[in-house]
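Summary of structural features
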Amino acid sequence: MNKTAITLGYFGLGMVAVVGVITTVIFAPDAKDDVIQFVGTIMAVASTGAVTFYMLGKQNEKVETIQKQTNGTLSKLMEENAQLQQELKNRADETSAEG
(Lines give C-alpha, C1' and ligand atoms only; values in the text may rest on other atoms or scores of the structure.)
Protein backbone atom coordinates (compact mmCIF):
# COMPACT_ATOMS: atom_id res chain seq x y z
CA MET A 1 0.00 0.00 0.00
CA ASN A 2 1.12 3.53 -0.71
CA LYS A 3 2.23 5.71 2.23
CA THR A 4 0.32 8.68 0.86
CA ALA A 5 -2.93 6.72 0.61
CA ILE A 6 -2.51 5.44 4.15
CA THR A 7 -1.78 8.94 5.47
CA LEU A 8 -4.71 10.52 3.66
CA GLY A 9 -7.06 7.77 4.80
CA TYR A 10 -5.93 8.13 8.39
CA PHE A 11 -6.32 11.92 8.31
CA GLY A 12 -9.74 11.54 6.71
CA LEU A 13 -10.78 9.16 9.45
CA GLY A 14 -9.41 11.59 12.03
CA MET A 15 -11.36 14.49 10.59
CA VAL A 16 -14.59 12.49 10.61
CA ALA A 17 -13.85 11.52 14.20
CA VAL A 18 -13.30 15.14 15.24
CA VAL A 19 -16.55 16.22 13.59
CA GLY A 20 -18.33 13.34 15.33
CA VAL A 21 -16.95 14.29 18.73
CA ILE A 22 -17.85 17.97 18.24
CA THR A 23 -21.36 17.02 17.14
CA THR A 24 -21.74 14.74 20.15
CA VAL A 25 -20.52 17.46 22.54
CA ILE A 26 -23.06 19.88 21.09
CA PHE A 27 -26.10 17.58 20.90
CA ALA A 28 -25.44 14.94 23.59
CA PRO A 29 -22.83 16.17 26.09
CA ASP A 30 -23.57 13.32 28.49
CA ALA A 31 -22.33 10.76 25.90
CA LYS A 32 -19.10 12.56 25.03
CA ASP A 33 -16.88 10.27 27.14
CA ASP A 34 -18.20 7.15 25.41
CA VAL A 35 -17.80 8.70 21.97
CA ILE A 36 -14.25 9.88 22.67
CA GLN A 37 -13.31 6.41 23.90
CA PHE A 38 -14.93 4.84 20.83
CA VAL A 39 -13.10 7.24 18.50
CA GLY A 40 -9.82 6.49 20.24
CA THR A 41 -10.38 2.77 19.78
CA ILE A 42 -11.27 3.17 16.10
CA MET A 43 -8.20 5.33 15.48
CA ALA A 44 -5.95 2.80 17.23
CA VAL A 45 -7.37 -0.08 15.20
CA ALA A 46 -7.07 1.92 11.98
CA SER A 47 -3.47 2.88 12.65
CA THR A 48 -2.55 -0.70 13.55
CA GLY A 49 -4.17 -1.95 10.36
CA ALA A 50 -2.47 0.68 8.25
CA VAL A 51 0.96 -0.12 9.66
CA THR A 52 0.35 -3.85 9.23
CA PHE A 53 -0.71 -3.50 5.60
CA TYR A 54 2.20 -1.18 4.86
CA MET A 55 4.74 -3.56 6.41
CA LEU A 56 3.24 -6.54 4.55
CA GLY A 57 3.68 -4.61 1.32
CA LYS A 58 7.30 -3.87 2.17
CA GLN A 59 7.90 -7.52 3.02
CA ASN A 60 6.37 -8.58 -0.29
CA GLU A 61 8.72 -6.19 -2.11
CA LYS A 62 11.71 -7.74 -0.30
CA VAL A 63 10.59 -11.26 -1.23
CA GLU A 64 10.22 -10.26 -4.87
CA THR A 65 13.69 -8.68 -4.80
CA ILE A 66 15.18 -11.85 -3.33
CA GLN A 67 13.45 -13.99 -5.95
CA LYS A 68 14.82 -11.78 -8.72
CA GLN A 69 18.32 -11.92 -7.26
CA THR A 70 18.43 -15.70 -6.89
CA ASN A 71 17.05 -16.25 -10.41
CA GLY A 72 16.95 -20.04 -10.23
CA THR A 73 20.24 -20.41 -8.35
CA LEU A 74 18.64 -22.62 -5.72
CA SER A 75 17.32 -25.14 -8.25
CA LYS A 76 20.77 -25.36 -9.85
CA LEU A 77 22.31 -25.89 -6.43
CA MET A 78 19.83 -28.66 -5.65
CA GLU A 79 20.56 -30.37 -8.98
CA GLU A 80 24.29 -30.23 -8.29
CA ASN A 81 23.73 -31.57 -4.78
CA ALA A 82 21.68 -34.51 -6.10
CA GLN A 83 24.35 -35.24 -8.71
CA LEU A 84 27.10 -35.22 -6.08
CA GLN A 85 25.07 -37.46 -3.78
CA GLN A 86 24.57 -39.94 -6.63
CA GLU A 87 28.29 -39.87 -7.40
CA LEU A 88 29.11 -40.46 -3.73
CA LYS A 89 26.67 -43.38 -3.63
CA ASN A 90 28.23 -44.88 -6.78
CA ARG A 91 31.73 -44.62 -5.29
CA ALA A 92 30.53 -46.18 -2.04
CA ASP A 93 28.98 -49.06 -4.00
CA GLU A 94 32.24 -49.53 -5.96
CA THR A 95 34.28 -49.56 -2.76
CA SER A 96 32.01 -52.11 -1.08
CA ALA A 97 32.05 -54.31 -4.20
CA GLU A 98 35.84 -54.33 -4.26
CA GLY A 99 36.22 -55.12 -0.58
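Refer to the structure above for everything that follows.
These remarks concern the structure in this document. (Residues numbered from 1 in each chain as written. Predicted model: local features only at pLDDT ≥ 70, side-chain atom pairs only at ≥ 80, totals over all residues. Heavy atoms only, no water.)

Comments concerning the overall build of the protein
Check the secondary structure of the protein and you find three helices and zero strands. The helix and strand sequence of the protein, counted from the amino end, reads α-α-α. Computed over C-alpha atoms, the radius of gyration of the protein comes to 30 Å, more than 25% over the 13 Å expected from 2.2 N^0.38 for 99 residues, which places it beyond the range of a compact globule. The dimensions of the protein, computed from C-alpha atoms along their principal axes, are 100 × 25 × 10 Å. Taken across its 99 residues, the protein has 9% of its residues classed as buried. (Helix = DSSP H or I, 4+ residues; strand = E, 2+ residues; numbered from the N terminus. Rg over C-alpha atoms; globule rule 2.2 N^0.38 Å. Buried < 20%, exposed > 50% of the residue type's maximum accessible area, 1.4 Å probe, protein only.)

Side note on a nonpolar patch on the surface
A cluster of nonpolar side chains, Val18, Ile22, Ile26 and Phe27, forms an exposed patch at the surface whose accessible area comes to about 460 Å². Structurally, Val18 is set in helix α1 (residues 3–27). (Patch = residues over 30% accessible without salt bridge, like charges linked within 9 Å, V, L, I, M, F, W, Y side chains within 5 Å. Areas by Shrake-Rupley, 256 points an atom, 1.4 Å probe, with all protein chains shown as cover. Salt bridge = Lys/Arg side-chain N within 4 Å of Asp/Glu carboxyl O.)

Focus: the environment of Tyr54
Relative to the helices and strands, Tyr54 resides in helix α2 (residues 32–70). The class for Tyr54 is buried, based on a relative accessible area of 18%. For the pair Tyr54 and Lys68, spaced 14 residues apart in sequence, the C-alpha to C-alpha distance is 21 Å.

A closer look at the side chain of Thr24
Within the secondary structure layout, Thr24 lies in helix α1. For Thr24, a relative accessible area of 15% puts it in the buried group. There is a polar contact of 2.7 Å between the side chain of Thr24 and the backbone oxygen of Gly20. Non-local contacts of Thr24, meaning those with residues more than four positions away in its chain, are made with Pro29, Ala31, Lys32 and Val35. (Polar contact = N/O pair within 3.5 Å; in protein donor to acceptor, adjacent residues only side chain to side chain. Contact = heavy atoms within 4.5 Å.)

Some remarks on the packing of α1 against α2
Running from N to C, α1 and α2 point in directions that differ by 175 degrees, and their axes come no closer than 10 Å. Classified by the interaxial angle, the pair formed by α1 and α2 is roughly antiparallel. Along the contact surface, α1 presents Lys3, Ile6, Tyr10, Leu13, Gly14, Ala17, Val21, Thr24 and Val25, while α2 presents Lys32, Val35, Ile36, Val39, Ile42, Met43, Ala46, Ser47, Ala50 and Tyr54. Among the residues forming the contact of α1 with α2, the class breakdown is 14 nonpolar, three polar and two charged. (Axes fitted to C-alpha atoms, helices over the stretch in contact; angles between N-to-C directions. Parallel < 35°, antiparallel > 145°, perpendicular 65-115°, else oblique. Nonpolar A, V, L, I, M, F, W, Y, C, P; charged D, E, K, R; others polar.)

Focus: helix α3 (residues 73–98)
Side chains three or four residues apart in an α-helix point the same way, a direct result of the helix having 3.6 residues per turn. Relative to the 38 Å expected for 26 residues at 1.5 Å per residue, α3 spans 38 Å between its end C-alpha atoms, a close match to the ideal helical length. Counted residue by residue, α3 has zero buried out of 26 residues, so it is predominantly exposed. (Expected span 1.5 Å × (residues − 1).)

Focus: the environment of Phe53
Checked against the element boundaries, Phe53 lands in helix α2. Given a relative accessible area of 52%, Phe53 falls into the exposed group. Separated by 51 residues in the primary sequence, Phe53 and Asn2 place their C-alpha atoms 9.6 Å from one another.

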